[in-house]
Amino acid sequence: QVQLVESGGGLVQPGGSLRLSCAASGSISSLLVMGWYRQVPGKQRELVAVITRGGRTTYADSVKGRFTVSGDNAKGTVYLQMNSLRPEDTAVYYCNAALVGKVYWGQGTQVTVSS
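Residues numbered from 1 in each chain as written. Predicted model: local features only at pLDDT ≥ 70, side-chain atom pairs only at ≥ 80, totals over all residues. Heavy atoms only, no water.

**Digging into the pairing of strand 3 (residues 18–26)**
Where strand 1 (residues 2–7) meets strand 3, six bridges bridge the pair, whose relative direction is antiparallel. Within strand 3, the position partnered with Glu6 by the bridge is Cys22. As judged from the six bridges shared by strand 3 and strand 8 (residues 77–82), these two strands associate in the antiparallel manner. Across the sheet, the residue bridging to Cys22 is Val78, located in strand 8. (Pairing = 2+ DSSP bridges. Helix = DSSP H or I, 4+ residues; strand = E, 2+ residues; numbered from the N terminus.)

In structure tokens form, the structure reads like this:
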């Protein structure tokens, strides 16, 4: 079992920045990939950015150049630095952790970009 706790969401003006943090506990020695997804009402949850145990990163096209994912799977930590935020980035952001055959989700943290 893996438990994920997120922090760092909030309200920010367009063009501003936020940093999300996620800490995993439990069977973190088996973590292969950690990252972030987001969801708005009425739409499917979508990948934002993930980082593998080896440090390889993947980003959604919509956030490339603006968001940076970092962390250490072996320590159970993942971060998302979000810069140049846009109103369309408004969503609930979920931390995600994957082991072989299992996926875990955090409770979600709201990010609202509005003037």
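**Describing the pairing of strand 4 (residues 33–39)**
Here six bridges tie strand 4 to strand 5 (residues 46–52), and the two strands are oriented antiparallel to one another. Its bridge partner lying in strand 5, Val33 is registered against Thr52. Linking two consecutive strands that pair antiparallel, namely strand 4 and strand 5, is a turn of six residues; a positive phi of about 85° is found at Gly42 within it. Bridging between strand 4 and strand 9 (residues 91–99) involves seven bridges; their strand directions are antiparallel. Its bridge partner being in strand 9, Gly35 is matched across the sheet by Asn96.

**Remarks on the pattern of salt bridges**
Applying the stated rule across the entire model yields four salt bridges. Measuring nitrogen to oxygen at the nearest pair gives 3.1 Å for the salt bridge that ties Asp61 to Lys64. For the residue pair Asp61 and Lys64, the accessibility class agrees, reading exposed in each case. By sharing partners, the salt bridges in this structure join Arg38, Glu46, Arg66 and Asp89 into a single network. (Salt bridge = Lys/Arg side-chain N within 4 Å of Asp/Glu carboxyl O. Buried < 20%, exposed > 50% of the residue type's maximum accessible area, 1.4 Å probe, protein only.)

**A word on the packing of aromatic side chains**
In the structure shown here, the tally under the stated rule is two aromatic pairs. Each ring, one from Tyr37 and one from Trp105, has its centre 5.1 Å from the other, and the planes form 75°; the classification is edge-to-face. Taken as a pair, Tyr37 in strand 4 and Trp105 in strand 10 (residues 102–105) lie far apart in primary sequence, 68 residues in all. Take Trp105: its relative accessible area is 37%, and that puts it in the partly exposed class. Each ring, one from Tyr94 and one from Trp105, has its centre 6.5 Å from the other, and the planes form 90°; the classification is edge-to-face. In this pair, Tyr94 is assigned in strand 9 and Trp105 in strand 10, connecting sequence segments 11 residues apart. (Phe/Tyr/Trp six-rings, centres within 6.5 Å; stacked < 30°, edge-to-face > 60°.)

**Thoughts on the sheet that holds strand 3**
With antiparallel pairing, the four strands of this open sheet are ordered in space as 1-3-8-7. In this open sheet, the two strands that pair with only one neighbour each are strand 1 and strand 7 (67–72). Strand-to-strand twist across the sheet, computed as the mean angle between neighbouring axes with direction ignored, equals 15°. (Axes fitted to C-alpha atoms, helices over the stretch in contact; angles between N-to-C directions.)

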